[in-house]
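The residues making up each chain are set out below.
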Amino acid sequence: MKDDESLMLDDPARLKALAHPLRRLMLRHLNVHGPATSTTLGEMFNAKTGTTSYHLRLLERCGFIEEIPERSTGRERWWRKAGGPRDMRLPTPDQLAPEDRPTLAEFHRIGMDEDRELFERFPAAYLRDPTWAKASRGLGRMTKAEFDEFFEAYIALLMKYSHRAEDAPPDSRPLYIRLFALPADEE
């Protein structure tokens, strides 16, 4: 699958792999900071090496990460984020079996917890360097078709200006980018 294609995350096993807080932290670390070992991730997230090894193997089975054979020696295995699409889409609840819907809800809950943490960090990041911390808020009125078109244009814009870690220019930085949109008339 190409980098610029979207991936529907409708496989319950893959969705479940990403609906776990420690696995999400480890995957985020590999994505932002690059390769790491089970030991370094365990130290970073205050987890036992056996626990991080288990979660890394599960992420590998699901295709989210891969071992770096040329860096791995003996029992020390190095891991990196696997290549593949950066645009992962979630199924709607009706696209999942009823028994898999709680996993989708947990995926969203963990994601919102991560986003709340990022928003809490925003003011300090903005004070440190407002050229690298930006926010936009607005209210738009759109039809369903216009909203779908807006979302696809946003994803296309994100893909156009985002680089994979291995292709990024030297002066680039990893950035957390979020878009939140929800009906304002349901408050």
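Above this note sits the structure.
Residues numbered from 1 in each chain as written. Predicted model: local features only at pLDDT ≥ 70, side-chain atom pairs only at ≥ 80, totals over all residues. Heavy atoms only, no water.

Engineer: Before we go on, may I ask you to explain the sheet that holds strand 3 (residues 65-67) in this structure?
Structural biologist: Strands pair in a sheet through their backbones, by hydrogen bonds, and they do so in one of two ways: parallel or antiparallel. Overall, antiparallel pairing links the three strands, which are arranged 2-4-3 in an open sheet. Here the strands that pair on one side only, and so sit at the sheet edges, are strand 2 (36-37) and strand 3. Across two bridges, the pairing between strand 2 and strand 4 (residues 78-81) is antiparallel. Opposite Ala36, over in strand 4, you have Trp79 as the bridge partner. Sitting on the sheet, helix 2 (residues 21-33) is in contact with strand 2, strand 3 and strand 4, with an inclination near 80° to strand 4. (Pairing = 2+ DSSP bridges. Helix = DSSP H or I, 4+ residues; strand = E, 2+ residues; numbered from the N terminus. Contact = heavy atoms within 4.5 Å. Axes fitted to C-alpha atoms, helices over the stretch in contact; angles between N-to-C directions.)

Engineer: I would appreciate a short explanation of the packing of helix 2 against helix 3 (residues 38-45) in the present structure.
Structural biologist: Geometry of a packed helix pair, given as the angle between the helix axes and the separation of the axes. Direction vectors running N to C along helix 2 and helix 3 enclose 115°, while the axes themselves pass 11 Å from each other. Note that helix 2 runs across helix 3; the crossing there is right-handed. Where helix 2 approaches helix 3, its residues Leu22, Leu25, Met26 and His29 are matched on the opposing element by Leu41, Met44 and Phe45. Residues belonging to the contact of helix 2 with helix 3 are distributed by class as follows: six nonpolar, one polar and no charged. (Left-handed = near helix turned anticlockwise from the far one by under 90°. Nonpolar A, V, L, I, M, F, W, Y, C, P; charged D, E, K, R; others polar.)

Engineer: Would you mind going over the packing of aromatic side chains with me for this structure?
Structural biologist: Ring pairs (aromatic) are described by centroid distance and by the angle formed between their planes. Tallied over the entire structure, the rule returns one aromatic pair. Positioned above the aromatic ring of Phe64 is the side chain of Arg14, whose terminal nitrogen or guanidinium carbon lies 4.6 Å from the ring centre. Directly above the ring of Trp132 sits Arg173, whose terminal nitrogen or CZ lies 5.0 Å from the centroid. (Phe/Tyr/Trp six-rings, centres within 6.5 Å; stacked < 30°, edge-to-face > 60°. Lys NZ or Arg CZ within 6 Å of the ring centre and 35° of its normal.)

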